[in-house]
There are 2 protein chains.
Amino acid sequence: MAESMTETTPRTPGAQPQRAAATQRPGSAAPAGPLSRPPGGGEGDSGTAGVPDGQDAALILDRARAAVDPELRSAIASLPAAMRRIASYHFGWEQADGTPAAGHAGKAIRPALVLTAAAALGGPRAAAGAARAAAVVELVHNFTLLHDDVMDRDATRRHRPTAWTVFGDAGAILVGDALQALALGLLAADPHPAAAAATARLAACVVELCEGQQADTALERRAPEEVALDEVLAMAEAKTGALIGCACAVGALYAGAAGEEVEALDAFGRQAGLAFQLIDDVIGIWGDPGRTGKPAGADLAARKKSLPVVAALTSGTPAAAELAELYARPHQEGEEERAALAVERAGARDWAQSQAADRMARAVHELSRAVPDPAAADGLLALAEFVTRRTS
Amino acid sequence: MAESMTETTPRTPGAQPQRAAATQRPGSAAPAGPLSRPPGGGEGDSGTAGVPDGQDAALILDRARAAVDPELRSAIASLPAAMRRIASYHFGWEQADGTPAAGHAGKAIRPALVLTAAAALGGPRAAAGAARAAAVVELVHNFTLLHDDVMDRDATRRHRPTAWTVFGDAGAILVGDALQALALGLLAADPHPAAAAATARLAACVVELCEGQQADTALERRAPEEVALDEVLAMAEAKTGALIGCACAVGALYAGAAGEEVEALDAFGRQAGLAFQLIDDVIGIWGDPGRTGKPAGADLAARKKSLPVVAALTSGTPAAAELAELYARPHQEGEEERAALAVERAGARDWAQSQAADRMARAVHELSRAVPDPAAADGLLALAEFVTRRTS
């Protein structure tokens, strides 16, 4: 059952000009090459909301939030009162009792990718026309969060109690259902010529997200020694990569891009999404709690079969046997360090980081296929770096 | 808090030419008038699947199943294996272990309404072009059944264990999510010129279905004396009437009908749906177990706040007080008869039956607005009669 990590890692040598980047630590600077961002940034603000041009990721995200927020709020305002209240709580706009809250609805990475992909392939006007599509992708993301939290019994999201803990399972399930309907209905009704294709693509992505969550649930129930590394990689691509890829593809569709460019941008997003998941799993084992709200070792204590854990378990090393033995019995306080050390000694921390760098290199390669002009690709590259930067 | 039934029943005197029908027993023949079906039926089979013409409801339903089944099966076949299996079980095509099952996926009333509405307003060609839309409405219906069963902890559906009892909550929630995505995605991608408007309308209907289920959950949690009759009527319209209305409206859209006709057919479906719910609630109290699989009194034993129960509780009669006292304590075996008698003595059985007849009369009126030609309206009338005939 134990498989070596190099065997289970898909490799396509020769196909990736940026391959040298795979040896870089994730979170370090982008690989030097034609797609690197120029040191001084770009030409500055084009004046159109959500259309970045050589700005850094934080600015791109701020602008995406500003462009998408009115669409998002008007969509939620259209819900019947009882569901509007649960949604407003989930988005961080209201407290559980309905009083206003200061928080905002997350980093808006997916809407930023829609707008930035549209801008990269169609310029500022394409991005300006994609604000509704960007909000729709964020609605879909939040529908899946609401449902995943119910299924996983997760009690905390964005440092607050999850919606189901406050409003019950039925409330969280129904609001998730309603958000999916709002999302696909709004996109289908968008007069933009790409709307029908984007709706069909986003709907297909929802099926893939469900498949990923289904696989995750099934994997968590199986014995650790019965889980193969490519299964977990496929699950992570469906659960995390698919929607990030779809966000980029929807942006490309809204720019009127050709089929090949749309697929390349989808692949860019999928690979960047997998890199993000690998880094997120590293953080779930080794820190850092101050920035993420997640204590170091939390995933190990919860016996989660995250990517580094399965890589370690299937490494065929002595440390794999030690980790398997730990995972076979319930967690005891203070054992996280021993488990983390076993994962590290099995080579899985290095594996995860080089995998993440490898995925980023693939992402950059796909980006160069879709958007050959480095200046135009700049914003998407900045966002991909941002989501994988958390390890530094 | 107690309200008289006549006060809480919305009435619009003078607006309904078929108003005399309100005094008829539900389930008896359709009101005599221009929309009555001619005794000999219509001109016979037009030769196009799903295009009824003066046939009776059973034949219309058979044809609708034949027209929609390939679309439905191909949609489910497109799901990833783990979810396909749960969906195939839910639709009655497979046993829990994956072996084939003989059962079929329910009566297909909603797809039949889509096809029959399209035929009524656009003839056989319009109906033939609406097969995908009809399958999509059935997918939406089944997504809501899967989720409602999880939320209501209902253990039986179509005489079999519900999907969540066999595959777990997560499986049933995810397959429901995937069916909604399949449905709206397929409709959005349909090349028919009405596809975008139909997708937006169906998505808005899903939000209303969620609102109805949310209201139902909330009402069931409240004390009986705190529930008003119009709240339960509004809940039933959202939960049951909305999708039946939407099915008719989607058929009208696919026939290229004008806005007024679309709205009138939606209203026809809503009123027929409410009539169906009233009759279903009567059966939930007084029978008949042989045909429905539901023992008489089951809703009373479960302390359900169905339409006749709330009508009785808010009647201001001595029987209302007796029923309230019964509902205030847990059910004891054999008490169903006493509770049923109290509902009857409060006048709520008669109320439910005259309400159902009243709703049917309104439905017929809306139908005559949308489809003035009695021969063309024939199939829709037959279906509306069919769904409310169960009381006889």
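The structure reproduced in this document is the subject of the present report. Predicted model only: the values in this text are computed from it and were never measured. (Residues numbered from 1 in each chain as written. Chains lettered and ligands numbered in written order. Predicted model: local features only at pLDDT ≥ 70, side-chain atom pairs only at ≥ 80, totals over all residues. Heavy atoms only, no water.)

### Thoughts on the overall build of chain A
Point 1. Across its full length, chain A carries 16 helices and two strands.
Point 2. A total of 392 residues make up chain A; the buried ones form 57% of that total.
Point 3. Considering only contacts in chain A between residues 6 or more positions apart, those separated by 24 or more positions represent 72%.
Point 4. Split by element, the accessible area of chain A, about 14900 Å² in all, is 54% carbon and sulfur. (Helix = DSSP H or I, 4+ residues; strand = E, 2+ residues; numbered from the N terminus. Buried < 20%, exposed > 50% of the residue type's maximum accessible area, 1.4 Å probe, protein only. Contact = heavy atoms within 4.5 Å. Areas by Shrake-Rupley, 256 points an atom, 1.4 Å probe, with all protein chains shown as cover.)

### Looking at the environment of glutamine 95 of chain A
Residues and elements named next belong to chain A.
Point 1. As for its position among the elements, glutamine 95 is in the loop between helix H3 (81-90) and helix H4 (109-128).
Point 2. Given the relative accessible area of 36%, glutamine 95 is considered partly exposed.
Point 3. As a C-alpha pair, glutamine 95 and arginine 85 span ten residues in sequence and 9.2 Å in three-dimensional space.

### Looking at the interface of chain B and chain A
Point 1. Every contact between the two is made by 33 residues of chain B and, on the other side, 33 residues of chain A.
Point 2. Between chain B and chain A lies a buried interface of about 2600 Å² when both sides are counted; carbon and sulfur atoms form 77% of it.
Point 3. Our count for the chain B to chain A interface comes out at zero salt bridges.
Point 4. The tally of links from chain B across to chain A stands at six residue pairs in polar contact (both at pLDDT 80 or more).
Point 5. Put simply, the parts of the chain that give the side of chain B that touches chain A at least two residues each are helix H3 (81-90), helix H5 (131-152), helix H6 (163-189) and helix H7 (195-221) of chain B.
Point 6. In terms of residue class, the side of chain B that touches chain A is built from 23 nonpolar, eight polar and two charged. (Buried area = accessible area lost by both parts, 1.4 Å probe. Salt bridge = Lys/Arg side-chain N within 4 Å of Asp/Glu carboxyl O. Polar contact = N/O pair within 3.5 Å; in protein donor to acceptor, adjacent residues only side chain to side chain. Nonpolar A, V, L, I, M, F, W, Y, C, P; charged D, E, K, R; others polar.)

### Details of the pattern of salt bridges
Point 1. A full pass over the atoms with the stated rule returns 38 salt bridges over all chains.
Point 2. Aspartate 62 of chain B is the salt-bridge partner of arginine 65 of chain B, the closest N and O atoms lying 2.7 Å from each other. A residue pair is termed a helical-turn pair when its members lie 3 or 4 positions apart in one helix, as arginine 65 of chain B and aspartate 62 of chain B do in helix H2 (residues 57-77) at three residues.
Point 3. On the basis of relative accessible area, aspartate 62 of chain B is assigned to the partly exposed category, the value being 41%.
Point 4. Note that arginine 303 of chain B is salt-bridged to glutamate 335 of chain B, the shortest N-O span being 3.9 Å. On the criterion of sequence distance, the pair formed by arginine 303 of chain B in the loop between helix H11 (298-301) and helix H12 (307-313) and glutamate 335 of chain B in the loop between helix H13 (318-327) and helix H14 (336-345) is long-range, its members being 32 residues apart.
Point 5. A relative accessible area of 15% places arginine 303 of chain B in the buried class.
Point 6. Residue classification places glutamate 335 of chain B among the buried residues on the basis of a relative accessible area of 11%.
Point 7. Through salt bridges with shared partners, one network takes in Arg201, Glu208, Glu237, Glu263, Asp266 and Arg270 of chain A.

### Examining helix H9 (residues 259-286) of chain B
Think of an α-helix as 3.6 residues a turn; residues three or four steps apart then line up on the same face.
Residue and element names in this part refer to chain B.
Point 1. Its 28 residues place the ends of H9 41 Å apart at the C-alpha level, agreeing with the 40 Å of an ideal helix rising 1.5 Å per residue.
Point 2. For H9, a buried count of 23 out of 28 residues is recorded, marking the element as mostly surrounded by other parts of the structure.
Point 3. Following H9 by one or two positions, glycine 287 adopts a phi angle in the positive range, close to 130 degrees. (Expected span 1.5 Å × (residues − 1).)

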